[in-house]
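Residues per chain, in single letters:
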Amino acid sequence: GNYIKPLIVENPTKNSIPYQEEIFGPAFTTFKCKNEHEMIEIANDTKYGLNASCLSNDTHKAKSILDKVDSGMCSINSCFTTHPSI
């Protein structure tokens, strides 16, 4: 009976909770960026940095971007997942 409706947060402001905090549950935050530099700047503007994913048709470009992102785990064209038994 417990259900949380999925949520998409678009372009949260820098001082908002979705920008500053980790969001758990069926939630997704998106940012519209002017260029690659701004995208990397936003990705690195966090005190957490547990996981980063890059979705792209150009995997070499995606790797180049993720090399500049300060994150514990990075993945290309997927999300990092673990099995509960691990």
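Residues numbered from 1 in each chain as written. Predicted model: local features only at pLDDT ≥ 70, side-chain atom pairs only at ≥ 80, totals over all residues. Heavy atoms only, no water.

A.B. asks: How would you summarise the side chain of Ser71 if you had to cite specific residues and measurements?
C.D. replies: Turning to its location among the elements, Ser71 is positioned in the loop between helix H3 (59-66) and strand S4 (73-76). Ser71 gets classed as buried once you look at its relative accessible area, which sits at 18%. From its side chain, Ser71 meets the backbone nitrogen of Ala52 in a polar contact 3.3 Å long. (Helix = DSSP H or I, 4+ residues; strand = E, 2+ residues; numbered from the N terminus. Buried < 20%, exposed > 50% of the residue type's maximum accessible area, 1.4 Å probe, protein only. Polar contact = N/O pair within 3.5 Å; in protein donor to acceptor, adjacent residues only side chain to side chain.)

A.B. asks: So what's going on with the pattern of salt bridges? Residues and values would help.
C.D. replies: Applying the stated criterion across every chain, the model contains four salt bridges. The partner of Asp45 in a salt bridge is Lys14, and the shortest N-O contact between them spans 3.1 Å. Taken together, the residues span a long stretch of sequence, with Asp45 in the loop between helix H2 (36-44) and strand S3 (51-54) and Lys14 in the loop between strand S1 (7-10) and helix H1 (17-20) at a distance of 31 residues. According to the relative accessible area criterion, Asp45 is partly exposed, its value standing at 30%. Salt bridges linked by common partners bring Glu36, Lys61 and Lys68 together as one network. (Salt bridge = Lys/Arg side-chain N within 4 Å of Asp/Glu carboxyl O.)

A.B. asks: Residue-level account of the pairing of S3, with values.
C.D. replies: Only one face of S3 is covered, namely the one carrying Ala52 and Cys54; the face carrying Asn51 and Ser53 has none of its residues buried. Bridging between S3 and S4 involves four bridges; their strand directions are parallel. Bridge pairing in S4 links Asn51 to Met73. (Pairing = 2+ DSSP bridges.)

A.B. asks: Residue-level account of the state of the cysteines, with values.
C.D. replies: In the structure shown here, the tally under the stated rule is zero disulfides. Its sulfur unpaired, Cys33 is 11 Å from the next cysteine sulfur, which belongs to Cys54. A relative accessible area of 28% means that Cys33 is categorised as partly exposed. Note on Cys74: no disulfide assigned, nearest cysteine sulfur contributed by Cys54 at a separation of 9.3 Å. Judged by its relative accessible area of 39%, Cys74 is partly exposed. (Disulfide = S-S within 2.5 Å.)

A.B. asks: Which residues make up the confidence of the model for the protein, and what are the values?
C.D. replies: Across the protein, the average pLDDT comes to 88, with 92% of residues at or above 70. Element-level mean pLDDT values for the protein span from 86 in S3 up to 95 in H3. (pLDDT = per-residue confidence, 0-100.)

A.B. asks: Describe the nonpolar core, naming the residues involved and giving the relevant values.
C.D. replies: Within the largest apolar cluster, seven residues are counted, these being Ile40, Ala52, Cys54, Ala62, Ile65, Leu66 and Val69. Those elements that place two or more of their residues in this core are S3 and H3. Looking at which element gives the most residues to this core, the answer is H3, with three residues. Beyond its immediate chain neighbours, meaning those up to four positions away, Cys54 contacts Ala62, Ile65, Leu66, Ser75, Ile76 and Asn77. (Core = buried A, V, L, I, M, F, W, Y, C linked by side-chain atoms within 4.5 Å. Contact = heavy atoms within 4.5 Å.)

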